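The residues making up each chain are set out below.
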Amino acid sequence: MNKGISRKRPTPPQQAANPSKQQATSPEDEFVDEDEDVFLDETLFETEDDLVLRDIEQRQSLASRLTKWARPPPSHAYTSASRSVVFQQLEIDYVIGESHRELLPNWSGSAAIIRIFGVTKEGHSVCCHVHGFEPYFYINCFPVMGPDDISRFHQILEGRMGEVNRNSKVPKFIRRIEMVQKRSIMYYQQQDSEPFLKIVVALPTMVASCRGILEKGILIDGLGMKKFMTYDSNVLFALRFMIDCNIVGGNWIEVPAGRYKTTKPLSYCQLEFHCLYSDLISHTPEGEFSKMAPFRILSFDIECAGRKGHFPEPTHDPVIQVANLVTMQGENQPFIRNIMTLKSCAPIVGVDVMSFDTEREVLLAWRDLLREVDPDVIIGYNICKFDLPYLIERAETLGIAEFPILGRIKNSRVRVKDTTFSSRQHGTRESKEVTVEGRVQFDLLQAMQRDYKLSSYSLNSVSAHFLSEQKEDVHHSIISDLQNGNAETRRRLAVYCLKDAYLPQRLLDKLMYIYNYVEMARVTGVPMSFLLSRGQSIKVLSQLLRKAKQKNLLIPYVKKAGSEQGTYEGATVLEAKAGFYEKPIATLDFASLYPSIMMAYNLCYCTLVTPEDVRKLNIPPECVNKTPSGETFVKSNLQKGILPEILEELLAARKRAKADLKEAKDPLEKAVLDGRQLALKVSANSVYGFTGATVGQLPCLEISSSVTSYGRQMIEHTKNLVNDKFTTLKGYEHNAEHEAFWELTGFGFRRNSEVKRERDQSIPRMGDPLGNSAHVSSQKQNREGVVIYGDTDSVMVQFGVPTVEAAMDLGREAAEYISGTFIKPIKLEFEKVYHPYLLISKKRYAGLLWTNPGKFDKMDTKGIETVRRDNCLLVKNLVNECLHKILIDRDIPGAVQYVKNTISDLLMNRMDLSLLVITKGLTKTGDDYGVKAAHVELAERMRKRDAATAPNVGDRVPYVIIKAAKGAKAYEKSEDPIYVLENNIPIDPQYYLENQISKPLLRLFEPILKNASKELLHGSHTRSISISTPANSGIMRFAKKQLTCVGCKALLSKSDHTLCSHCKGREAELYCKTVAHVSELETLFGRLWTQCQECQGSLHQDVLCTSRDCPIFYRRKKAQKDMAEAKVQLDRKFWINQPQQQQQHQKLEMGVIAFELRRSEGSHVKRNKRTTFEC
DNA sequence: GACAACTGGAAGTTCCGGTAGATTTCTTCA
DNA sequence: AGTCATGAAGAAATCTAGCGGAACTTCCAG
Ligand SMILES: Nc1ccn([C@H]2C[C@H](O)[C@@H](COP(=O)(O)OP(=O)(O)OP(=O)(O)O)O2)c(=O)n1
Ligand code: SF4
């Protein structure tokens, strides 16, 4: 217990990194000394007894810590290399290194070496170096080129490459040029193959530079200047390797015994070896190989102590705590829970608390943990953008050179790079890329942003949403205070930090992320890490390349052709017959419309016939499909497309997912499986999207516009058929009604029987372009149909029958009947019934959804405010409640009353601020906006206040609308809700009434209620308003304060202090009332306070949380404010004879004063708060 | 140099320009 | 009867609220 000696950080991980040593000696004996040193600090305040106890405890904890940290040691069969190694790979990358002498004796110089990281089923970490895989691409071969030309070409190209890559030390740039027989994927071609040149280069980066040379043109003796088309030349090297070896993301790889060599380890992995790429066996993920290896998942979170009023910056502010949880895949409890703290920290049950004196020790302890535990996956919340870069930059600032070796490769530092991801779907989002070699990072924040549309992505609101659990949010300035307190306050912080580390793990489990993402990686064939860092197109491209390789096809590299026509026509949306439908509405929907069109009509790059070839090739007309948009594609008997094959696989995977979904019971599990099913659907739809992506790799608008044109034709055909069959054939009960209608409106219509006769002669078939179906429709187009709405691939049909069951029967019948008119696999399905159904407009409707006749499943809303994230909660709740009352309870008066109450609450300022927060996404950086928008302007203002916490591109900005001068634009009235709370700024209820709730309500009630506007928005409930005054905002500088009477709120003259002359004499009554009011508010506040204490997990500590996303927070704040105000009123009772106190109170009492606003012209506007205007 | 699935549609906001109506200013005239 | 002040009426100028529509923006349906 020598307190004087300089402390060492605990060194267990380093020793323990060598498993054999660990076994040889008892770890307990070995590390006791360091252990004592480390925890000395805490013992300073403790008694001798505690000290001894603590000491024993720590000894034990460290011993168990080590056995817990390390991976199981590999068996002899592994260490002696006498068995084959089978492992699940999680990450693949490559490095440039010297070729392996033994494996590739004939090679020299540097080459790309692939590294595969993974885990065996026993849980050993694996690093496999793969040699012999060379980067290559193809170019077209001119017919005149003979073998001599090729070798001359080789030499010239080698020379040009030497010029371009001057400082590369490779002996030979172009390894080989081979003549191969292949075919381009573009356009249908009659010959099977033609010659191409395969160019094998030395290093992956040379593909691009070589491509550049060949595209520009190269002078070949005897042939002149030749420009080449390049093929497969834009494929990432690691992906190329995966494709050629048939490896898909997260699958199992086997390296047979004897085919691998071990050498001096370059990594920290337990099993490390070298092999040839041709010796790898990739197992397709089926049966035994569809399982998961027991990989280790580290979830962590850091806390930093920022300076007062500043967000922590790594150049100044220390890292004070790091919480870690390690879980084995497939288990539901972490087997390691610890926290590393700077300075002492009181013990926490079930958690290994490790305290250190210096930040350096904390950081190094974390690095050691990483190295020893050797996690395969690192998760956390916002780790990519914050935690990891912070740790690394911090270590740099402190000059800890040995810290950033976090990956599995010895002496290799992690690199941090800024990245932006921008797509039409997800907008622009900035992030950082931290390369930790051999470990997959899985930032739950990124996953959430991609997979779920939420109005806030803070950990708090996400966990509230998925785990129904609030998480306190401690402001960064308070974190410093806690750190600077004592062991207890630091314990408090540690608990908070641990929770932040635990929640991502819970989310990961609950949303089955590992399982779902591995599946997606396997189906689409990309590495896991791509799923979070890349978009949809890489998935399609990966599948395309795989299929193309099987079929001997090549994918051309096309430069951006600027002249290409920008857009093409999309889907039809049928005109919506808005209204409230009390009879059941059946929905017919094509199953995966676009994918099935592509499959049915064999649409693919390789089946497209160019207009030129249509004339030249003389393909028999029965072998081609002419699409409604005028393109020609050959049928599958001539050439089967590869896109249809890809789609078949994706849809098969989706089918499996849907089958799992059926099994699921638990609602959340259902939601998750539904998400998985939807993700696969999106992947399938993206195949179509890929062809229409003009900025993508291989756009082919002929395909995409053909798909949509078929789609348009099909929905039109379906609509006509339904309208036709179900309004004209006898035997459907509803006919009478419609006939009556026709008699009223129609003229010149034929009778039903006539139509029937005609129908019997031919069932219109889709496919004969513009044939019968057009004929039928032209005859009937004036006829009022039963199809009330439809979008892209669905039609909503009002059969007119009164019961859900009957509608279902008719729906099924109709679906079957109409499906018969389409080519396989296009299938119209009866999906659901809405009853009742409120159709507001195109893409906006609500209804009760029934899938079985007994009971409705749920209320379904599409497009309206309840599902839109850019509405405040008030509107969402209000609309939701009204819909509930209208659709389920069928209680329209109740709905009206509810609206009135809500409006009156709003106007009387009884609304809690959390309900008024509007959020909008920031899609571009400040300057790029053309017009001023509320959230953009606010983001700019917040940036001026504090740049570090202000929203960035891709973030969502929460704001409320505050009171301002009349006629002020919304962008002048937006404000940060926290700021509003802190500064007691009044909100603008009028804005919320007029701009937020009125229009949605009118849209909702219009079809149901006469005079909706008058009834809802101008009734007596709108008469009482309460105007609150700002506390200290700008215009208050011109305000003169005046008190109001407690009894009747009238303005007080100078002589009165509490009550006006009228109310004098009612003192006792009013006093009692005020007291009761105060105590009521106190109880409310107390209750909320306790709730928060429960949330933060301790009942005897202050609540520090300022969570923008928690409704309780707003309520607590409001209760607090109301209570304070009420107390001030109470105090006023006693002022009557103490005039000098008055001023003081006046200051406190900002909320209850009236003010007089002077305008420069001299006109006066008088208002007072808490004055009830009765009209 | 690498990266980015697609279109259709509703709705809210700002901006801009022509306008009706109000207000002010000027003119005329009793 | 001529001159001047005044006020009313009318005309001209000016202001302004409110409008429609375009453009921009966000988000959702499919
Ligand atoms: N993100 C999307 C969603 C849809 N679509 C296109 C392709 C779909 O085929 C069509 C219809 O979409 P649905 O949402 O109705 O989905 P599907 O019909 O594909 O699937 P299902 O009806 O089986 O759920 O719209 C698209 O391009 N991109
Ligand atoms: S406001 Fe209270 S309940 Fe909400 S997150 Fe904070 S501590 Fe928890």
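Residues numbered from 1 in each chain as written. Chains lettered and ligands numbered in written order. Predicted model: local features only at pLDDT ≥ 70, side-chain atom pairs only at ≥ 80, totals over all residues. Heavy atoms only, no water.

For chain A, an unreviewed UniProt entry supplies the name DNA polymerase and the organism Malus domestica. Taken directly from UniProt, the Cofactor (unreviewed entry) text for chain A runs: "[4Fe-4S] cluster". Turning to chain A, the UniProt record has this under Catalytic activity (unreviewed entry): "DNA(n) + a 2'-deoxyribonucleoside 5'-triphosphate = DNA(n+1) + diphosphate". (UniProt positions renumbered as here; feature names shortened; annotations may be inferred.)

*Asks:* What is the right way to look at the pattern of salt bridges in this model?
*Replies:* When the charged atoms of two side chains lie near each other, side chains of opposite charge can form a pair. Applying the stated criterion across every chain yields a total of 56 salt bridges. Note that Arg 115 is salt-bridged to Asp 93, the shortest N-O span being 2.9 Å. Here Arg 115, found in strand S2 (residues 110–120), pairs with Asp 93, found in strand S1 (residues 85–98); they are 22 residues apart in sequence, far enough to count as distant. One salt bridge in this structure joins Asp 860 and Lys 862, with 3.8 Å as the shortest N-O distance. On the accessibility criterion, Lys 862 (34% relative accessible area) is partly exposed. Linked through salt bridges whose partners overlap, the residues forming this network are Arg 71, Asp 374, Asp 376, Arg 408 and Arg 439. (Salt bridge = Lys/Arg side-chain N within 4 Å of Asp/Glu carboxyl O. Helix = DSSP H or I, 4+ residues; strand = E, 2+ residues; numbered from the N terminus. Buried < 20%, exposed > 50% of the residue type's maximum accessible area, 1.4 Å probe, protein only.)

*Asks:* For this particular structure, what's the right way to read the site of ligand 1?
*Replies:* Around ligand 1 there are 13 residues in total, and Ser 592, Tyr 594, Arg 654, Lys 681 and Asp 793 lie nearest to it. Here an oxygen atom of ligand 1 sits 3.3 Å away from a polar atom, N or O, in the main chain of Ser 592. Here an oxygen atom of ligand 1 and a side-chain polar atom of Asp 793 are 2.6 Å apart. In isolation ligand 1 has 550 Å² of accessible area, and contact with the protein removes 69% of it. Where the shell around ligand 1 is concerned, the elements lending two or more residues are strand S24 (585–590), helix H19 (593–600) and helix H22 (667–692). Class assignment for the residues of the shell around ligand 1 results in six nonpolar, three polar and four charged. (Near = heavy atom within 4 Å. Polar contact = N/O pair within 3.5 Å; in protein donor to acceptor, adjacent residues only side chain to side chain. Areas by Shrake-Rupley, 256 points an atom, 1.4 Å probe, with all protein chains shown as cover. Nonpolar A, V, L, I, M, F, W, Y, C, P; charged D, E, K, R; others polar.)

*Asks:* Can you help me understand the packing of helix H21 (residues 642–663) against H22 in this one?
*Replies:* A pair of packed helices can be characterised by two numbers: the angle between their axes and the separation between those axes. Remark: H21 packs on H22, axes separated minimally by 8 Å, with the N-to-C direction vectors making an angle of 170°. Between H21 and H22, the crossing angle belongs to the class labelled roughly antiparallel. Where H21 approaches H22, its residues Leu 643, Ile 646, Leu 647, Leu 650, Leu 651, Ala 653, Arg 654, Ala 657, Lys 658, Asp 660 and Leu 661 are matched on the opposing element by Lys 670, Leu 673, Asp 674, Arg 676, Gln 677, Leu 680, Lys 681, Ser 683, Ala 684, Val 687 and Thr 691. For the contact of H21 with H22, the class distribution of residues is twelve nonpolar, three polar and seven charged. (Axes fitted to C-alpha atoms, helices over the stretch in contact; angles between N-to-C directions. Parallel < 35°, antiparallel > 145°, perpendicular 65-115°, else oblique. Contact = heavy atoms within 4.5 Å.)

*Asks:* Explain the confidence of the model for chain A to me, please; I cannot follow it from the model alone.
*Replies:* Low pLDDT marks stretches whose predicted atomic positions should not be read closely. On average, residues of chain A score 83 in pLDDT, and 82% of them are at 70 or above. Every residue in residues 1029–1041 scores below 50 in pLDDT, and together they form 33 contacts with partners more than four places removed in sequence or on other chains. Both confidence scores are given for the complex: pTM 0.85, ipTM 0.86. (pLDDT = per-residue confidence, 0-100.)

*Asks:* It is not clear to me how the protein's contact with DNA strand C should be interpreted in this structure. Could you clarify?
*Replies:* Taken together, 20 residues form the shell around DNA strand C, and within it Asp 793, Gly 863, Thr 923, Tyr 929 and Gly 930 come nearest. Take the atoms of DNA strand C that sit within 4 Å of the protein: sugar and phosphate atoms are 90% of them. One of the side-chain nitrogen or oxygen atoms of Tyr 845 is found 2.8 Å away from a phosphate oxygen of DNA strand C. A class-by-class count of the residues in the surface near DNA strand C yields three nonpolar, six polar and eleven charged.

*Asks:* Explain the site of ligand 2 here, please?
*Replies:* Around ligand 2, the structure places Asn 460, Gln 470, Lys 471, Glu 472, Cys 1092, Cys 1095, Cys 1105, Cys 1110, Ile 1112, Phe 1113 and Arg 1116. Of all elements in the fold, only helix H35 (1067–1096) and helix H36 (1111–1132) reach the threshold of two or more residues within the shell around ligand 2. No other element matches H36, which puts three residues into the shell around ligand 2. Among the residues forming the shell around ligand 2, the class breakdown is six nonpolar, two polar and three charged.

*Asks:* Would you mind showing me how to read the protein's contact with DNA strand B here?
*Replies:* In the vicinity of DNA strand B, 40 residues are found, and the nearest of them are Arg 424, Gln 425, Val 695, Ala 970 and Tyr 991. For DNA strand B, a phosphate oxygen lies 3.2 Å from a polar atom in the backbone of Gln 536. Taking Lys 842, its side chain carries an N or O atom lying 3.2 Å from a phosphate oxygen of DNA strand B. When contributions to the surface near DNA strand B are tallied by element, the ones reaching two or more residues are helix H8 (205–216), strand S19 (415–423), helix H18 (536–550), H22, helix H31 (970–973) and helix H33 (989–1005). Of all the elements, H22 adds the most residues to the surface near DNA strand B, at six residues. Across the surface near DNA strand B, the residue classes tally to 14 nonpolar, 14 polar and twelve charged.

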